[in-house]
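Okay, here's what each chain looks like letter by letter:
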Amino acid sequence: MKTPAQTKGIAAAFGVSVLSSIGLAVVYVQGGQTQLEGLLLGLALGGISVGLVMWAKHLMSEGEVVEAREVVPLQTDEREEVAEAYEHGAEEIGRRTFLSKWLAGALGALGLAALFPIRSLGVGPEDSLFHTAWRPGTRLVKADGRPVRPSELPPNGVLTVFPENHTHDADSQTMVIRLPTGDQIPGPDEFSAEGLVAFSKICTHAGCPVGLYQTQTRQLFCPCHQSAFDVLEHAKPVSGPATRPLPQLPLGVDNEGFVIATSDYPEPVGPGFWDRGRG
Amino acid sequence: MVRKVVTWVDDRLGASRFTRDVLAKVFPDHWSFLLGEIALYCFVILVLTGVFLSFFFEPSVAESVYRGEYEPLQGVVVSDAYRSVMDLSFEVRAGMVMRQIHHWAALVFLAAIVVHLVRIFFTGAYRRPREINWMIGLTLLTLAMFNGFTGYSLPDDLLSGTGLRIAYSIALSIPVIGTWMAFLVFGGEFPAEQIINRLFVIHIFIIPVLIAGLLTAHMALIWRQKHTQFPGGRRREENVVGERLWPTYAAKSMGLFFGVFGILALLGGLVQINPIWLYGPFKPAQVPSPAQPDWYMGWLEGALRLFPAWEITTFGYEIPNPFFPAVLLPGITFTLLYLWPFLEAFFTSDHKPHHLLDRPRDRPMRTALGTATLSFYFILFAAASNDLLAKWLRVPVENVVVAYQILAFALPLATGLGTYLIAKSLTKREAEPPGAAPETARTS
């Protein structure tokens, strides 16, 4: 079967690999370059691959071999022996019912005790899902910590805000919106301040930030699973998988003219959980 | 020299008979038998590149100001995890190519496993005596998915952080134990500080060890039970026809390893993947748009997008919406997959061992069920980018969702029915050919 052409081809493949490996070393020493590294490594590996496969296909002569397969399991006799060996030992232990009960008790107690370190993995939920860092009188601040004046927001303007000193608090993130004049302000009157309304920025479906505000429709939109919330209808979900409105944060203005929250959210923010109704 | 080594080892281990059998082991050859091997080699490449990456990664969310080589992020406050992946990508020599090979290998790993699973299904290779290996393989698939997800969550970038936020919400949605589970896994309320470190331990230690162990078992069982083969030629239920391990099969298989590695190296060098510098560091109040996960999480993401706005609230307790598409659906999916060999044996009353593979057309019911199921999950997968499709078609995304919701039911029905009819007509044509020799034609 051996033909010079095949031998030459295989040798060429290995040769490409050798040259590419040398090239790879040179590129690395020169400071490295991602695309060249990938290309040369690919060629170095690919050359060996092509060479090996061609060698096996064309120059290895053995061909097809037939091997017998045990269709029926051949150890039927031993099955009884396995069962007997097990039962023999089990009886030995089981005969001593008093001791084996104590052993079971000891293993059970140890197993329970071994579960306790799981508790160390984290704090319990307690009531942390029912509260955020908003308190009566907490100023709304931007991500950089600066407080917000009502006049900063033009009509249809939106702003992501956090409680003052809690700009890292993920579940307190809030969207403040100024609706254009003429729009009916949603929610109870005491929840809005100087035309501003604020809603939790955490989607009630799977917790993504409801990051997009569509000025035409006054809808807040979650880019993760496409839930849309109608701000004019106190942020109730109008499409997508979300089932609950975004909770509204009651707003006020303090005597220095900065926007504040007048209390925490009246209900848990974010996605649902088993005992959410408890709060 | 060879004899000396063999004698030395045999004097001590008595391993000569075993080694002789290993070298003479016969492997049937068919292109579709390579899929599992590709998955195996991807795992090897993942370990090799992953060890390199682990030397540079810092699993911490402690924050500092970025002062690295990537200009656009100069001065931005980032976590140590994010910064270390940036440094690995831009400052460690060969770091970028290693990282990208690792990510590409993960994508191909999952793809090879899934296509391998599909091959096993359509050829009936899971039937007795291979039910155990079917279940080991499914466990490997779930572990690989988990490890893919934990891996791409490590850099603490905006895209993966959003994925973690969704994962946390899914955990919260589990009835009764959900809140506790979410808090214990994440170490507190999202985004808890320990999560990156935990993901790191899970990603580089716990799951890889499990995968390595189960992979060994998977191959030991193939070894013990010998490979299946398609009927035809000299191939019978009671034999194995193919090439010996040494040297032909070993040469081909090593050729495949180098080939897989070579293609992954080309992808890793030339095709950018997971550019975390474009996503930016994770900030809880920011969200990327559009946001798609790695491909193997697509079916779950799509299910979350398609499941209607519905949830259960009774007696003051609730089972939130994400539970149904993201916990119940995968639960049912994998339960049915694990049980499938036994379900089929029950419904067909076929409890005999099988070593010869089916051709899909010869089992029209199974094949129809398979293509129908695949088309259902394909719709879920496609729905994970419904926002991109809506943008491209310039239609509201709600309309795309409704179309996919209809397709999720209509397409499996059509696909299943179509498959059944095609399979039937193919076997019928073979049964009454105009003057051809059917037996040899169908089995070669």
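The shown structure was predicted, so the numbers you read here are calculated from the model rather than taken from an experiment. (Residues numbered from 1 in each chain as written. Chains lettered and ligands numbered in written order. Predicted model: local features only at pLDDT ≥ 70, side-chain atom pairs only at ≥ 80, totals over all residues. Heavy atoms only, no water.)

Helices and strands together make up the secondary structure of chain B, namely 17 helices and six strands. A principal-axis box enclosing the C-alpha atoms of chain B has dimensions of 75 × 65 × 45 Å. Considering chain B as a whole, with its 444 residues, one finds that 52% of them fall into the buried category. When the accessible area of chain B is evaluated, it comes to approximately 21,200 Å², of which 70% is carbon and sulfur surface. (Helix = DSSP H or I, 4+ residues; strand = E, 2+ residues; numbered from the N terminus. Buried < 20%, exposed > 50% of the residue type's maximum accessible area, 1.4 Å probe, protein only. Areas by Shrake-Rupley, 256 points an atom, 1.4 Å probe, with all protein chains shown as cover.)

Secondary structure summary: chain A contains four helices and 12 strands in total. Taken against the 2.2 N^0.38 rule, which gives 19 Å for 279 residues, the C-alpha radius of gyration of chain A at 35 Å runs more than 25% over that of a compact globule. In terms of overall dimensions, chain A has a C-alpha envelope of 90 × 75 × 40 Å along the principal axes. Across chain A, every contact between residues at least 6 apart in sequence was considered, and the portion connecting residues at least 24 apart equals 54%. Looking at chain A as shown, the accessible area adds up to about 15,000 Å², and 60% of this sits on carbon and sulfur atoms. One finds the centroid of the 21 positive side-chain charges in chain A at a distance of 5 Å from the centroid of its 31 negative side-chain charges. (Rg over C-alpha atoms; globule rule 2.2 N^0.38 Å. Contact = heavy atoms within 4.5 Å. Lys, Arg positive; Asp, Glu negative; His and termini not counted. Charge placed at Lys NZ, Arg CZ, Asp CG, Glu CD.)

So, about the state of the cysteines. All names here are of chain A. Enumeration over the complete set of coordinates arrives at one disulfide over all chains. Residue pairing for C208: its cysteine sulfur links by disulfide to C224, the two sulfurs lying 2.2 Å apart. Looking along the S-S bond of the C208-C224 disulfide, the torsion reads about -90 degrees, which is the left-handed sense. You can see C208 sitting in the loop between β5 (196–200) and β6 (212–214) and its partner C224 sitting in the loop between β7 (219–221) and β8 (228–230), a full 16 residues away along the chain. C224 matches C208 in its accessibility class, with the two residues each being buried. Of the cysteine sulfurs around C222, a residue in no disulfide, the closest is that of C203, at 4.1 Å. You can call C222 buried: its relative accessible area is 1%. (Disulfide = S-S within 2.5 Å.)

On to the pattern of salt bridges. A side chain of one charge can pair with a side chain of the opposite charge when the charged atoms of the two come close. As enumerated under the stated definition, the model contains 26 salt bridges over all chains in all. Measuring nitrogen to oxygen at the nearest pair gives 4.0 Å for the salt bridge that ties E92 of chain A to R95 of chain A. Classification of E92 of chain A by relative accessible area gives partly exposed; the value is 44%. One salt bridge connects R83 of chain B with D80 of chain B, and the closest N-O pair in it is separated by 3.5 Å. Within this pair, R83 of chain B and its partner D80 of chain B are both found in helix α4 (residues 80–90), separated by three residues, close to a single helical turn. The same class applies to R83 of chain B and to D80 of chain B, which are both buried. (Salt bridge = Lys/Arg side-chain N within 4 Å of Asp/Glu carboxyl O.)

With that settled, the discussion passes to empty space enclosed by the protein. What the rule picks out here adds up to three cavities of 30 Å³ or more. As a volume, the largest cavity reaches approximately 120 Å³. As for the largest cavity, its lining consists of L129, D171, I202, V269, G270, P271 and F273 of chain A together with R165, Y168, L172, E189 and F190 of chain B. For the lining of the largest cavity, a count of residues per class yields eight nonpolar, one polar and three charged. (1 Å grid on protein atoms, 1.4 Å probe; cavity = no way out; pocket = protein on both sides within 12 Å on 5 of 7 lines; lining within 4 Å. Points joined across faces, edges and corners; volume = space filled by probe spheres on them. Nonpolar A, V, L, I, M, F, W, Y, C, P; charged D, E, K, R; others polar.)

Here we take up the confidence of the model for chain B. Fine structural detail should not be taken from predicted coordinates in areas where pLDDT scores are low. All names here are of chain B. Across chain B, pLDDT averages 94, with 97% of residues at or above 70. When pLDDT is averaged over each element of chain B, helix α5 (residues 95–122) comes out on top at 98 and helix α17 (residues 438–443) at the bottom at 46. Low pLDDT, under 50, characterises residues 440–444; the stretch is placed with six contacts to residues that sit more than four places away or in other chains. (pLDDT = per-residue confidence, 0-100.)

This brings us to helix α15 (residues 386–393) of chain B. All names here are of chain B. Along α15, the residues classified as buried are N386, D387 and A390. For α15, the buried positions fall inside an angular range of 100 degrees around the axis, keeping them on one side. The exposed set on the far side of α15, more than 90 degrees from its buried face, consists of K391 and W392. Elements in contact with the buried residues of α15: α12 (298–306), α14 (364–383) and α16 (397–431). (Arc of directions from axis to C-beta.)

Another aspect to go through is the interface of chain B and chain A. In this assembly, 90 residues from chain B lie in contact with 72 residues from chain A. Inspection of the region where chain B meets chain A yields three salt bridges. Between E318 of chain B and R276 of chain A there is a salt bridge; the shortest N-O distance is 3.0 Å. One can count 27 residue pairs in polar contact (both at pLDDT 80 or more) joining chain B with chain A. It is helix α10 (residues 245–270) of chain B that provides the largest number of residues to the side of chain B that touches chain A, a total of 16 residues. (Polar contact = N/O pair within 3.5 Å; in protein donor to acceptor, adjacent residues only side chain to side chain.)

Let us look at a negative patch on the surface. Residue and element names in this part refer to chain A. Taken together, the side chains of D77, E78, E80, E81, E84, E87 and E91 make up a negatively charged region of the molecular surface. Tracing the chain through its elements places E84 in helix α3 (residues 76–94). Exposure remark for E84: the relative accessible area of 46% places this residue in the partly exposed category. (Patch = residues over 30% accessible without salt bridge, like charges linked within 9 Å, V, L, I, M, F, W, Y side chains within 5 Å.)

The next subject is the nonpolar core. With 102 residues, the main nonpolar core has I45, M86, F109, W134, Y168 and L264 of chain B as its most contacted residues. Ranked by residues supplied to this core, first place goes to α5 of chain B with 15 residues. When near neighbours in sequence (up to four residues on either side) are disregarded, Y168 of chain B contacts L129 of chain A together with A182, F183, F186, G188, E189 and F190 of chain B. (Core = buried A, V, L, I, M, F, W, Y, C linked by side-chain atoms within 4.5 Å.)

Glancing now at the domain arrangement of chain B. All names here are of chain B. Taken as a whole, chain B is organised into domain 1 (29–279 + 307–340) and domain 2 (359–444). Averaged C-alpha coordinates put domain 1 and domain 2 at centres separated by 27 Å. Opposite the 14 residues of domain 1 that make contact, domain 2 presents 14 residues. Carbon and sulfur atoms supply 67% of the area buried between domain 1 and domain 2, which totals about 1,100 Å² over both sides. Seen at the junction of domain 1 and domain 2, the total is zero salt bridges. At the junction of domain 1 and domain 2, the tally comes to two residue pairs in polar contact (both at pLDDT 80 or more). (Domains from an automatic or database assignment. Buried area = accessible area lost by both parts, 1.4 Å probe.)

The domains assigned to chain A are domain 1 (4–59) and domain 2 (131–278). Each of domain 1 of chain A and domain 2 of chain A has a C-alpha centre, and these two points are 59 Å apart.

A sheet is described by the order of its strands in space; here three strands give the open sequence β1(A)-β4(B)-β1(B), paired in antiparallel fashion. The open sheet terminates on both sides in strands that have one partner only, identified here as β1 (65–68) of chain A together with β1 (26–27) of chain B. With four bridges connecting them, β1 of chain A and strand β4 (residues 239–244) of chain B associate as antiparallel partners. Its bridge partner being in β4 of chain B, V66 of chain A is matched across the sheet by V241 of chain B. (Pairing = 2+ DSSP bridges.)

Attention shifts here to a nonpolar patch on the surface. A contiguous nonpolar surface patch, about 450 Å² in accessible area, is contributed by V16, L36, L39 and L43 of chain A together with L270 and V271 of chain B. The dominant element in the nonpolar patch, judged by the number of residues it contributes, is helix α2 (residues 34–59) of chain A, at three residues. Locating V16 of chain A in the fold gives a position in helix α1 (residues 4–29).

With that out of the way, let us pick up the packing of α1 of chain A against α2 of chain A. Residue and element names in this part refer to chain A. Direction vectors running N to C along α1 and α2 enclose 160 degrees, while the axes themselves pass 8 Å from each other. It follows that α1 is roughly antiparallel to α2 by the angle criterion. Of the two possible hands of crossing, α1 and α2 adopt the one that is left-handed. Taken together, the residues of the contact of α1 with α2 break down into 17 nonpolar, nine polar and one charged. (Axes fitted to C-alpha atoms, helices over the stretch in contact; angles between N-to-C directions. Parallel < 35°, antiparallel > 145°, perpendicular 65-115°, else oblique. Left-handed = near helix turned anticlockwise from the far one by under 90°.)

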